[in-house]
Amino acid sequence: MARRMIVKIGEDILRKKCKEVTEFDASLGELLDDMKETMLDADGVGLAGPQVGILRRVAVVSPNGKNFYEFVNPVIVSSSGTQICREGCLSVPGINGEVERPKKIEVMAYDRNGRRFLLKAEGFLANICCHEFDHLDGILFIDKMMGKR
Ligand code: ZN
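Note that the structure is a prediction, hence the values are computed from the model and not measured.

So, helix 2 (residues 123-135)
At step 1: Taking 1.5 Å of rise per residue, the 13 residues of helix 2 would be expected to cover 18 Å, and the 19 Å separating its terminal C-alpha atoms lies within 8% of that figure.
At step 2: Most of helix 2 is tucked away: eleven of the 13 residues are buried.
At step 3: Of the residues making up helix 2, those classed as buried are Leu 125, Ala 126, Asn 127, Ile 128, Cys 129, Cys 130, His 131, Glu 132, Phe 133, Asp 134 and His 135.

Describing the coordination of the zinc ion
At step 1: All of the protein donors around the zinc ion are Cys 89 (SG), His 131 (NE2) and His 135 (NE2); their distances to the metal are 2.0 to 2.3 Å.
At step 2: All donors to the zinc ion come from one chain, and their sequence spacing reads C-x41-H-x3-H. Remark: His 131 occurs in helix 2 and Cys 89 occurs in strand 4 (residues 83-89); sequence separation between them is 42 residues. A single burial state applies to Cys 89 and to His 131, both of which are buried.

Description of the pattern of salt bridges
At step 1: Per the stated rule, a full pass over the model turns up 13 salt bridges.
At step 2: Residue Asp 137 pairs with Lys 17 through a salt bridge whose shortest N-O separation is 2.9 Å. Highlighted residues: Asp 137 in the loop between helix 2 and helix 3 (141-144) and Lys 17 in the segment before helix 1 (26-41), separated in sequence by 120 residues.
At step 3: With a relative accessible area of 30%, Asp 137 lands in the partly exposed category.
At step 4: The exposure class of Lys 17 is exposed, given its relative accessible area of 60%.
At step 5: Linked through salt bridges whose partners overlap, the residues forming this network are Glu 87, Arg 101, Asp 134 and Lys 144.

Thresholds applied
- Residues numbered from 1 in each chain as written.
- Predicted model: local features only at pLDDT ≥ 70, side-chain atom pairs only at ≥ 80, totals over all residues.
- Heavy atoms only, no water.
- Helix = DSSP H or I, 4+ residues; strand = E, 2+ residues; numbered from the N terminus.
- Expected span 1.5 Å × (residues − 1).
- Buried < 20%, exposed > 50% of the residue type's maximum accessible area, 1.4 Å probe, protein only.
- Donors = N, O, S within 2.8 Å, 3.2 Å for Na, K, Ca; no water.
- Salt bridge = Lys/Arg side-chain N within 4 Å of Asp/Glu carboxyl O.

Right under this line is the structure:
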């Protein structure tokens, strides 16, 4: 595993739409391992492909540093409710603010071996997933922010 450089706001890559992963090979596993290490090292709770310079639909999430989730080609297939979330982003240092997100979501995604799974998430986990999946479409939380503090 190796730490990767985190791309910061101002770089074009954060605004691009990522392509789907089509090859579930060893390099995908390596990328996900590197992203996990990079996220933990930076004390983050999630990290998406573009944040390490990779325009692929991949994200890692860990609400508490203990439980890890890996998503390849994630799609939110249903959502319900709303919650106001206080967010920051490793690619947008020094800013945080409130964003409205769904309270509950269902995510369809693939693991690193190409196996499809369905995850039901709510609260903080749903919040992080929504934030990370937005990155895959070039959307940053500041685009949706209700107020800066
Ligand atoms: Zn982010």
